[in-house]
Amino acid sequence: MDHAAEAQRTDLMTITRHALNEQGRHPESRGDFTILLSHIVLGCKFVASAVNKAGLAKLIGLAKLIGLAGETNVQLDVLSNEVFVKALVSSGRTCVLVSEENEAAIFVDAPLRGKYCVCFDPLDGSSNIDYGVSIGTIFGIYMIKDKDNATLEDVLQPGTDMIAAGYCMYGSSCTLVLSTGNGVNGFTLDPSRGEFILTHPNIKIPNKGKIYSVNEGNARNWDAPTAKYAERCKFPQDGSSPKSLRYIGSMVADVHRTLLYGGIFLYPADKKSPSGKVRVLYEDFPMSFLMEQAGGQSFTGKQRALEIVPSEIHQRSPIFLGSYDDVEEIKSLYASESSTA
């Protein structure tokens, strides 16, 4: 790459320009979604800066707060949540917010209400902050039918009703991956310009991958189909090379690698967590939406992940997502288990 030439480029596709282009495809659009996205991007830039300075700012220490799942929150969790709540409310385009950090849904005051619901995990993988591992923000966006009479039922929609989803990964670079239902695109933050630049246009996941990603420490508690699939990954029956195991423990980082290189990410139910551990509204749905838009699949062990109809905002589910053929294989193992039960 000619870095000197790259530095002088003037035709860069920024995320704002991309959103405006998408807006142009819908003549009836009034620009509300573009404004909402710009506030999400602002929140991502703020958190990216805070993550980079966390050690210096003493944000790494544990806050005296306990998360909903009983895990100890990290101060950066608290800061990130405040940033996104304020950014989303101030956009004037949101009606209801669901955050991993808040027990109840946040209903925006009437004067600032818009027509969108945003479900988000402000800092997924925050337990990895101390170790410098990539962490990220995950978000999914729904349309609210009646902003003046919004209820919790408006939030508890299946993932098939989602209109956009994405994640921002904070690591060696800051990468924002987004889908508005028309494919998947990746943008990288250029610190010199302060802009997210399109670097991964039209992401397509390979039909089959060479990597599987799962916490094998829980293997003794898995059900038979999951255990059988992991065994096949290590000892293929067709004589092919075994898959490589790669597990970071940060969903954003593991899914990002899976999206780019193919393979499968597994977070199955087990004896300790029979309902799974991945939160449906702000982890499962957004990642499944992106994976399907990129040509992959997402499965819970019982159904297509996006077809879950949640009954409460912090509901959990097992998840298997990734390359189409790899997910198809684990689906067949669950189908075989059901037929013999």
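Residues numbered from 1 in each chain as written. Predicted model: local features only at pLDDT ≥ 70, side-chain atom pairs only at ≥ 80, totals over all residues. Heavy atoms only, no water.

(A) Structural view of empty space enclosed by the protein. With the rule as written, the count across this model stands at three cavities of 30 Å³ or more. Roughly 60 Å³ of internal volume is contained in the largest cavity. For the lining of the largest cavity, the residue count by class is six nonpolar, two polar and one charged. (1 Å grid on protein atoms, 1.4 Å probe; cavity = no way out; pocket = protein on both sides within 12 Å on 5 of 7 lines; lining within 4 Å. Points joined across faces, edges and corners; volume = space filled by probe spheres on them. Nonpolar A, V, L, I, M, F, W, Y, C, P; charged D, E, K, R; others polar.)

(B) Structural detail: the nonpolar core. Counting 37 residues, the largest nonpolar core has Ile141, Tyr170 and Phe196 as the members making the most contacts within it. Those elements giving two or more residues to this core turn out to be helix H2 (15-24), helix H3 (32-52), helix H4 (75-90), strand E5 (116-124), strand E6 (135-143), strand E7 (164-170), strand E8 (174-179) and strand E9 (185-190). When residues of this core are assigned to their parent elements, the largest contribution, nine residues, is made by H3. Those residues in contact with Ile141 that sit more than four places away from it in its chain are Phe33, Leu36, Ile40, Tyr116, Cys117, Val118, Met162, Ile163 and Ala164. (Core = buried A, V, L, I, M, F, W, Y, C linked by side-chain atoms within 4.5 Å. Buried < 20%, exposed > 50% of the residue type's maximum accessible area, 1.4 Å probe, protein only. Helix = DSSP H or I, 4+ residues; strand = E, 2+ residues; numbered from the N terminus. Contact = heavy atoms within 4.5 Å.)

(C) Fine view of the packing of aromatic side chains. Evaluation of the coordinates by the stated rule reveals five aromatic pairs. For the ring pair Phe84 and Phe120, a centre distance of 6.1 Å and an interplane angle of 45° mean the geometry is tilted. Here the residue Phe84 occupies a position in helix H4, and Phe120 occupies one in strand E5, the gap between them amounting to 36 residues. Summarising the burial analysis for this pair, Phe84 and Phe120 share the class buried. With a centroid separation of 6.3 Å and an interplanar angle of 40°, the aromatic rings of Phe299 and Phe320 are classed as tilted. One end of the pair, Phe299, is in strand E15 (residues 297-299); the other, Phe320, is in strand E17 (residues 319-322), and 21 residues separate them in sequence. Judged on exposure class, the residue Phe299 and its partner Phe320 are both buried. An aromatic cluster is present here, built from Phe299, Phe320 and Tyr334 joined pairwise through their rings. (Phe/Tyr/Trp six-rings, centres within 6.5 Å; stacked < 30°, edge-to-face > 60°.)

(D) Spatial organisation of the sheet that holds E6. The eight strands are arranged E4-E3-E5-E6-E7-E8-E9-E10 in an open sheet whose pairing can be described as mixed. Each of the sheet's edge strands pairs with one partner strand only, and the pair in question is strand E4 (106-107) and strand E10 (195-200). The sheet contact formed by strand E3 (residues 94-99) and E5 spans five bridges and is parallel. Within the sheet, the bridge partner assigned to Leu97 lies in E5 and is Val118. Of the strands in this sheet, E3, E4, E5, E6 and E7 are in contact with H4, which crosses E5 at around 160°. The strands that helix H6 (residues 251-261) touches are E5, E6, E7, E8 and E10; relative to E7, the one it contacts most, it runs at about 110°. (Pairing = 2+ DSSP bridges. Axes fitted to C-alpha atoms, helices over the stretch in contact; angles between N-to-C directions.)

(E) Fine view of the pattern of salt bridges. Taken as a whole, this structure holds 14 salt bridges when the rule is applied. Between Asp32 and Arg93 there is a salt bridge, and its shortest N-O distance comes to 2.8 Å. In this pair, Asp32 is assigned in helix H3 and Arg93 in the loop between H4 and E3, connecting sequence segments 61 residues apart. Take Asp32: its relative accessible area is 14%, and that puts it in the buried class. A salt bridge links Lys208 to Asp326; its shortest N-O distance comes to 3.4 Å. Residue Lys208 is found in the loop between E10 and strand E11 (211-213), and its partner Asp326 is found in helix H8 (residues 324-340); the two are separated by 118 residues along the sequence. Bridged by salt links that share partners, the residues Lys208, Arg232, Lys243, Asp326 and Glu329 form one connected network. (Salt bridge = Lys/Arg side-chain N within 4 Å of Asp/Glu carboxyl O.)

(F) A look at the pairing of E8. Within E8, six of the six residues are buried, which leaves the element mostly enclosed by the surrounding structure. Residues of E8 alternate between two faces, with Cys174, Leu176 and Leu178 on one and Thr175, Val177 and Ser179 on the opposite face, all of them buried. Where E7 and E8 come together, six bridges link them in antiparallel fashion. From the neighbouring strand, Cys168 faces E8, where its bridge partner is Leu176. Counting the residues between successive antiparallel strands, the hairpin from E7 to E8 contains three residues. Summarising the sheet, E8 and E9 pair through four bridges and their orientation is antiparallel. Looking across to E9, one finds that Leu178 is bridged to Asn185. The turn joining E8 and E9, which pair antiparallel and follow one another in sequence, is formed by five residues; a positive phi near 90° is taken by Gly181.

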